[in-house]
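Here is what each chain is made of, one letter per residue.
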Amino acid sequence: MTETTVNETASAGASGEKTVAERPTNVLIVGVGGQGVIMVSKVLATLAQAAGNQVKQSEVHGMAKRGGAVFSHVRFGRKVFSPTIPRGEADVLLALEWAEGLRWLPYLNRARGVFIADTQRIVPPFACRNRADGAPLGYSRETPKDILAKVRTGYALNATGIAESLGNRRAANTVLLGVLSTALDFAEKDWLKVIESFVPPKTVEVNRAAFLKGREWAERHADVGLDEDVDFSLPSPPAVEPKRPQVFIERAWCKSCDICVKMCPERCLELDEKNIARMKAPERCTGCRLCEYLCPDFAIRVLRLPAGDSQQEVRP
Amino acid sequence: MDSLKTNAGAQKTEPAIRPLMGNEAIARGAWEAGVKVASAYPGTPSTEILENLARYPAEDISVEWAVNEKVALDIAIGASFAGVRAFCSMKHVGLNVAADALMSQTYIGVNGGLVITVCDDPGIHSSQNEQDTRIYARLAMVPCLEPADAQEAYELVKTAFDISEEYDTPVIVRSTTRLSHTRSPVRIGEREEVPRKPFEENPAKNVMIPAHARQRHARLLEREQRLKELFAQEPFSRIEWGRKDIGVITLGVPYSYVKEVLPEASVLKLSASWPLPEDRLREFAESVERLFVVEELEPIVEDELRRLGIAVEGKVWFPRTGELSPEIVRDGFVAAGVLEPPPAAEEELDIEPLVRPPVLCAGCPHMSTYNVLRTMNARVAGDIGCYTLAAIEPLKAIDTCVSMGSSIANAIGMARAGYNERPIVATIGDSTFLHAGIPPLIDAVYNNVNITVVILDNSITAMTGGQHHPGTGYGIRGNKTHKVDYEEICRAVGVKWVRTVDPYDLSALFKALREAVEYKGVSVVIADRPCVIDPVRITGPAMVVDQKTCIACQACMNLGCPALTWSDEWYEGHHKVKIDPGLCIGCAVCAQICPTTSIQPSQADT
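Residues numbered from 1 in each chain as written. Chains lettered and ligands numbered in written order. Predicted model: local features only at pLDDT ≥ 70, side-chain atom pairs only at ≥ 80, totals over all residues. Heavy atoms only, no water.

Peer 1: It is not clear to me how the packing of aromatic side chains should be interpreted in this structure. Could you clarify?
Peer 2: The geometry of an aromatic ring pair is captured by the separation of the ring centres together with the interplanar angle, meaning the angle of the planes. Per the counting criterion, the structure on display carries 15 aromatic pairs over all chains. Residues F81(A) and Y255(B) carry aromatic rings whose centres are separated by 6.5 Å and whose planes lie at 80° to one another, so their mutual orientation is edge-to-face. A residue pair is termed interchain when its members come from two chains, as with F81(A) in the loop between β3 (69-77) and β4 (92-95) and Y255(B) in helix α11 (residues 254-261). Note on F81(A): relative accessible area 21%, which makes it partly exposed. Ring geometry for F81(B) against F199(B): centres 6.5 Å apart, planes inclined by 35°, an arrangement best described as tilted. Taken together, the residues span a long stretch of sequence, with F81(B) in helix α4 (residues 69-81) and F199(B) in the loop between β8 (182-187) and α9 (203-206) at a distance of 118 residues. We classify F199(B) as exposed; its relative accessible area is 53%. Each residue in the set F76(A), F186(A), W191(A) and F211(A) is aromatic and connected to the rest through ring pairs, giving one cluster. (Phe/Tyr/Trp six-rings, centres within 6.5 Å; stacked < 30°, edge-to-face > 60°. Helix = DSSP H or I, 4+ residues; strand = E, 2+ residues; numbered from the N terminus. Buried < 20%, exposed > 50% of the residue type's maximum accessible area, 1.4 Å probe, protein only.)

Given below as structure tokens:
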């Protein structure tokens, strides 16, 4: 992997001199609502504008801020038309969260583009919905090694970890800006000036350190692009024998209080015509035992039988 | 919202070229045009327009949130009658609410200039439909200006006021989500003070009774003709000559996509989409071999060309639904045989994207309310707001969602239809209730139906990023004002059963809702708990899950709280649960659900 500036035409002038490219440079910044995607893109837009570029920065607000996927297109050059980057035309894809980087990978131009991603994972509630025995986490399985093999230039680093080691987790975005700075043709001092104008005064020092750390990391890892210290294994279930849960209800003890029906996480229970609890959807039961725990009359027992057990009715 | 932290224009000394979001540019244009009165109801993607106007000095301009879009437009109309330039902004569906006023005001015209900015949402990023405002412009016979970028938005808003006064008409400036939320450089100017004109005493013009309205309707046709002549000129229609074999008529943001993918074509760029300059269209059509129209949503320009008998290709290649993009416009021209197909990607990536829909915030008080409604086995008529997210897994507790304020009247209709298998509950947010929920509540009491209404009072208009409304007791500039009392409103319209509960208290909420659905008649439960992020971020000691005692029942995860995910520990083949201390605000609702008291406040913070 070689260190490159993404827009060769842009690298004409000496550092500090204003350079404006013919073809727009396309930087796509992605992450999760609340991470600061808009802030990062504003830093880049301000920097590019100060260097004499026309800049367009496009994002969508609204529902996305509620923990959903957030993206911001930043395009700059002599003349920019479309506010959005056409698919396959991003020169840099900067991901503040790992799976978001994967989502937008088709937007990266893989012949010339640079992929930069924080390896931190923000696991959405949807990834934890499968209640089957031994269900895996519904999070992307691709590791940084898999992805860096698919792009020409790529960096996967634990930016959040680096920021934490500097004492401020929120500075992770600035670490990533430090990495980004090695892929674009703006002077270090200009980056720092713009970053300092955006961050709260109390955090100027830590953000400055974070930027330099990111920049130094990218220079040091120009050949690998991979933070070898990142443990990217996903938790896997312990070897358990598959079990088939079965719920037994002692009809004579049930007093129709309805607690089990209301509290079953999978909503498998109902009251029958005599107002006695019964299983409505036994196939949905995960054997969590919540009904057993909550029944005030000890009328419910949950057994976990071996999966192959053909016995239909077992008396506990 | 980040955009609010950059002050768009309150300072007098600022650089002449500034990067402005489309909505900031619209606000800047309105302020410079000398607007004296501005009013709006928040709605994505239009919200930031009024928020930015409120950053200009109060002595320059009166800026206020209205209770709904019709009220906002009526206020602007009143200001126009009184002789000042007046402005109002709304999202596309807001114009449905304000349409009644617009359809009459177009007959009346203006005294002070009257401009309405309507932001459409092609692609439905944050709306319930993607209706095209340009059809309203045609229906109301008002001019519709359609900027392509922030610079043009800024300029056209200023021009719109001149057109409004010159042609005696309200003017619509149509934005879209992409324009409203794209930041690009804008060369700005200075505010021009426009003195208040005297009130025009002219009942034949200002009082729309049948005899007057018949007179005015004829003048609308005349006005439309004059506007066509205006829009035939620069800057409203501009030809950029290129290859004569391909001509493209385009407008709005799609102009930038055409220039991006087909820079060599001849382009007729329109800045007004109604009324269309027929002669200009004909002249351009005759100069090119093949004529295309690239427009977002409805084929307004294309249909007009067909009406004129001009051969044109448009929606046959470019979709009528959704937002356009450079790729979609490129694909359209490829399908039409104008462009070569782009080279295929070297290898397929074969990565399945992670499902990450928007979710309610950690600690959101709506979660417990819908969790309890689930246990009531209620048929729930929902409404417009963040809480619509409770329609999806895991809460899955909303059965219908139509438009602002629909929930209560939908519930009345269900009851009147004889639906009695389950309790009927309408859920409506505080801001939505004030917007359009009070008339149907009056109706419910008046017609004595058996429904329960839950007012989800989080003391803010949360969905659009946290705006004040009459129930918060504050105005847009942070000024203190009267705070609406929901219990008093309900009692005043005749509701006999009203109770306010804290949705963080699960047992109290459960008890209140159970009594409410058992009550015969209209019952109202007010779930009173402020939004966790607006106006201030609320945090308490984070909760932690004891990994030793957690039985992995995951009952807490039915709340859909984003702070709750699986831990690396297992119990009987299931994941135990952990709580992200950075997200948890300590509402303790999950702790009230946990059957093993495994969820407790973290020791470090107590």
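Peer 1: For this particular structure, what's the right way to read the confidence of the model for chain A?
Peer 2: Chain-level pLDDT for chain A is 85 on average; 86% of the residues reach the 70-or-more range. Overall, residues 1-18 of chain A carries pLDDT values under 50, and its contacts beyond four positions in sequence, including any with other chains, amount to 48 contacts. (pLDDT = per-residue confidence, 0-100. Contact = heavy atoms within 4.5 Å.)

Peer 1: Could you clarify how one ought to interpret the packing of helix α16 (residues 406-416) of chain B against helix α17 (residues 430-446) of chain B in this entry?
Peer 2: A pair of packed helices is characterised by two quantities: the angle between their axes and the separation of those axes. Residue and element names in this part refer to chain B. Contact geometry for α16 and α17: axes closest at 7 Å, N-to-C directions at 25°. Accordingly, the angle class assigned to the pair α16 and α17 is roughly parallel. Judged by residue contacts, I408, A409 and I412 of α16 engage F433, G437, P440, L441, D443 and A444 from α17. When the residues that make up the contact of α16 with α17 are grouped by side-chain class, the tally is seven nonpolar, one polar and one charged. (Axes fitted to C-alpha atoms, helices over the stretch in contact; angles between N-to-C directions. Parallel < 35°, antiparallel > 145°, perpendicular 65-115°, else oblique. Nonpolar A, V, L, I, M, F, W, Y, C, P; charged D, E, K, R; others polar.)

Peer 1: Is there a simple way to explain the sheet that holds strand β17 (residues 497-501) of chain B in this structure?
Peer 2: Hydrogen bonds along the backbone pair up the strands of a sheet, which may run parallel or antiparallel. Residue and element names in this part refer to chain B. Pairing is parallel across the open sheet formed by five strands, whose spatial order is β14-β15-β16-β18-β17. Only two strands of the sheet have a single neighbouring strand rather than two, namely β14 (379-381) and β17. Neighbour to neighbour, the strand axes of the sheet diverge by 20° on average, direction disregarded. Where strand β16 (residues 452-457) and strand β18 (residues 523-528) come together, six bridges link them in parallel fashion. Looking at β18, one finds that V454 is bridged to V525. (Pairing = 2+ DSSP bridges.)

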